[in-house]
Structure formats: structure tokens, C-alpha cells
Amino acid sequence: MASYEEQETKISRYDKRIDEIAAETRYQENAKKPGCFLGIRTHTALSLIVETGDFKRFSKGNTYAAFLGLAPGEHSSSAKVNRLGLSKAGNTHLRCLLIEAAKGICKGAIGHKSKELRSRQNGQTADVIAYADKANTRLRSKYYKMIRHEKKKNVAVAAVARELACFIWGMMTGNISITSAGATSTPATSQG
């Protein structure tokens, strides 16, 4: 059995290689954009890009969220609609990464921006940063509001992950308009 130090060295080597791949010309620009969101670092950003392919193949954000299995299931008959938990019918790896990212979003104060996040946003356009900042604030606010209304923590985290997927779709398709009132357009309903 390998020692702890050997495992740490191996993980460090893999992290370095992921950073090298993300810096390649074909990924460099797009791999940095998702990093503007809380909870998303290079590994998650690169995984989203590679496993999703062309984000524009999804007509809107909630279609992308459904692709990831972050949409609610449904058991309906006639006019009666019965919503269930997450469908989980989608890309398991990306869904797990976004759930973990959402857990990161759900910690900390609303509006707080760490030095690390500022560093990841460095070099992005003002529009991209503004879009990500509005999304980060909205997602944290959503989580705390759901918790105040006595929703289960896992339900709130899943809701944040679903909306995060919609915001990522908006970022990666260029649907990042900010309304004059300063609110982001809702990526789940934006047309691509």
C-alpha cells in the first residue's frame, strides 16, 4: 500500500498536468471563464468543457441542467403533476462536480469575494466578471433563503447546483447580459 506522501505526490502531479492541459491553446480561453464562479476551479472547468462539448447544442440553460441530471423528475398523469427529486438521468461525473461546487457556494457570506476568486477572475472581461458576481450572489442568497424556509440542506444544494448549471450554460454560450437594473438575465429561460 502506498504511503500518504506518495499519494499526495501523485495527486500533485495530476493537478499539475490538468493545469497544463487547461493552458493549451484549444482550452485556455474557455477553461478560465467557469472559474469566475464560486466553487469552480480548473479541474471542474476543464471537465465541463471536455465532457459537454458544444454548449450551444442546448437551447437554454434548463436543458443543459437536464442533460446533467439536475432537473426534477416527474410522475404525472392527466392534469395532475407530481414533481420528484433530481432525475439523475444524465452525466453523472459532471453532476457530481456541480454538486460539490454548489457545496462550496453554500459556505460564506453573500457578496464575499476571496483573494483566490479574484485571482481566477483576473484577465476576464468586465461583462464576464459582472455576470459571475451576480450569479454568485444570487446562488448564495438562494441557498440561505431555502434554509431559512426549512428546506433540507441537500435539497437546497441541489437547487443551487441546477441554477449554477444554467449560469454556466449562459457563460459558455455568451448569454451573459446584465439588465439595466443590475440583475442578470435568467439563463434558464434565455434562448441560445
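These figures come from a predicted structure and were not determined experimentally.

Draft legend 1. Region of the structure containing the packing of helix H2 (residues 25-32) against helix H3 (residues 42-52). For the pair H2 and H3, the least separation of the axes is 9 Å and the interaxial angle reads 115 degrees. Of the two possible hands of crossing, H2 and H3 adopt the one that is right-handed. Counting all contacts with H2, which are made through Tyr27, Asn30 and Ala31, the residues of H3 involved are Ala45, Leu46, Ile49 and Val50. Taken together, the residues of the contact of H2 with H3 sort by class into six nonpolar, one polar and no charged.

Draft legend 2. Representation of the pattern of salt bridges in the model. Evaluated as defined, the whole model comprises nine salt bridges. One salt bridge in this structure joins glutamate 163 and lysine 142, with 2.8 Å as the shortest N-O distance. One end of the pair, glutamate 163, is in helix H8 (residues 153-173); the other, lysine 142, is in helix H7 (residues 126-148), with 21 residues separating them in the sequence. For glutamate 163, a relative accessible area of 9% corresponds to the buried category. A single network of salt bridges, built from pairs that share partners, joins Arg41, Glu116 and Arg120.

Reading guide: rules and limits
- Residues numbered from 1 in each chain as written.
- Predicted model: local features only at pLDDT ≥ 70, side-chain atom pairs only at ≥ 80, totals over all residues.
- Heavy atoms only, no water.
- Axes fitted to C-alpha atoms, helices over the stretch in contact; angles between N-to-C directions.
- Helix = DSSP H or I, 4+ residues; strand = E, 2+ residues; numbered from the N terminus.
- Left-handed = near helix turned anticlockwise from the far one by under 90°.
- Contact = heavy atoms within 4.5 Å.
- Nonpolar A, V, L, I, M, F, W, Y, C, P; charged D, E, K, R; others polar.
- Salt bridge = Lys/Arg side-chain N within 4 Å of Asp/Glu carboxyl O.
- Buried < 20%, exposed > 50% of the residue type's maximum accessible area, 1.4 Å probe, protein only.

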